[in-house]
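Coordinates in review
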Amino acid sequence: VGPDGALYFGTMDEGEERPVGRFWRWDGASFTVFGEPTTVTNGPAFSPDGRVLYAVDSTRGTILAHPCTGGSIGEGATFVRFGDGAGTPDGLAVDEEGHVWVAQHGAARVTRFSP
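Let us look at the structure shown here. Throughout this description, residue numbers start from 1 for each chain and increase along the sequence as written. Under the rules for a predicted model, residues below a pLDDT of 70 receive no local features and side-chain atom pairs below 80 are neither given nor counted, while totals for whole chains, interfaces and linings still include all residues. The basis for the side-chain values is all heavy atoms of the structure; hydrogens and waters are excluded.

Remarks on the packing of aromatic side chains
Put simply, two rings from Phe, Tyr or Trp (the six-membered ring, in Trp's case) pair if the centres are within 6.5 Å, and we call them stacked under 30 degrees between planes, edge-to-face over 60, tilted for the rest. Summed over the entire model, instances satisfying the criterion amount to nine aromatic pairs. Seen from their ring centres, Phe23 and Phe34 are 5.7 Å apart, and the 25 degrees between their planes marks the pair as stacked. A residue pair is termed long-range when its members are at least 10 positions apart, and Phe23 in strand β2 (residues 21-26) and Phe34 in strand β3 (residues 31-38) qualify at eleven residues. Summary of the burial criterion: residues with accessible area below 20% of their type's maximum are buried, those above 50% are exposed, and those between are partly exposed, where the area comes from a 1.4 Å probe applied to protein chains only. The exposure class of Phe23 is buried, given its relative accessible area of 3%. On the basis of an interplanar angle of 75 degrees and a centroid distance of 6.4 Å, the ring pair of Phe79 and Phe113 is categorised as edge-to-face. Starting at the N terminus, helices and strands are each numbered in turn, a helix being any DSSP run of H or I of at least four residues and a strand any DSSP run of E of at least two.

Digging into the pairing of β2
Across the two faces of β2 the burial differs, with Gly21, Phe23 and Arg25 buried and Arg22, Trp24 and Trp26 not buried at all. In terms of strand pairing, strand β1 (residues 7-10) meets β2 through four bridges, oriented antiparallel. The residue of β2 that forms the bridge with Gly10 is Phe23. Sheet topology note: the β2/β3 ladder contains five bridges and is antiparallel. Pairing of Phe23 across the sheet is with Phe34, part of β3. The rule for pairing is simple: two strands pair if DSSP sees at least two bridges between them.

Concerning the pairing of strand β5 (residues 52-57)
In terms of burial, β5 is a largely internal element, five of the six residues being buried. Two strands pair when backbone bridges link them, and strand β4 (residues 41-46) and β5 are joined in this way by four bridges, in the antiparallel orientation. Note that in β5 the partner of Thr41 across the bridge is Asp57. The turn linking β4 back onto β5 is made up of five residues, and Gly50 within it adopts a positive phi angle of 75 degrees. Taken together, the six bridges between β5 and strand β6 (residues 62-69) define a ladder with antiparallel strand orientation. Across the sheet, the residue bridging to Tyr54 is Ala65, located in β6. The turn joining β5 and β6, which pair antiparallel and follow one another in sequence, is formed by four residues; a positive phi near 70 degrees is taken by Gly61.

Focus on unusual backbone geometry
Trans is the common state for peptide bonds, and a negative phi is the common state for residues other than glycine. Following Gly43, the chain continues into Pro44 via a peptide bond in cis, with omega recorded as -5 degrees. Considering the arrangement of structural elements, one finds Pro44 in strand β4. Positioned with a positive phi, Glu16 is a non-glycine residue whose angle comes to about 55 degrees. On the secondary structure map, Glu16 appears in the loop between β1 and β2. Phi is positive for Ala108, close to 55 degrees, though the residue is something other than glycine. Structurally, Ala108 can be placed in the loop between β10 (100-105) and β11 (109-113). A residue is classified by how much of its surface remains accessible, and Ala108, at 81% relative accessible area, is exposed.

Take it as geometry only, folks, not as evidence of what the structure does.
Here you go:
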């Protein structure tokens, strides 16, 4: 749940083959889609001040940072791109200092990134 009280979540292709997954915001009355279509989503999680929403595009190996104001989600910019051998970004969380923690599937590690 985001700082605005809405539910934020991602959908994905169960077979992990087609880019039919999206990120969504549900405010209890309507759904809003944000971000580009992808195959596997993870997250999202907010910065402590609620001004940045981090979302994982596992298929592309990226964490995107979306600017937020109220219930409006801006276009995502690449926050981190994982290279070969770094595993696939998976679940993430943001701590009270604003650092982003992400599990790296296939690399047996969790990494903390500064905001």
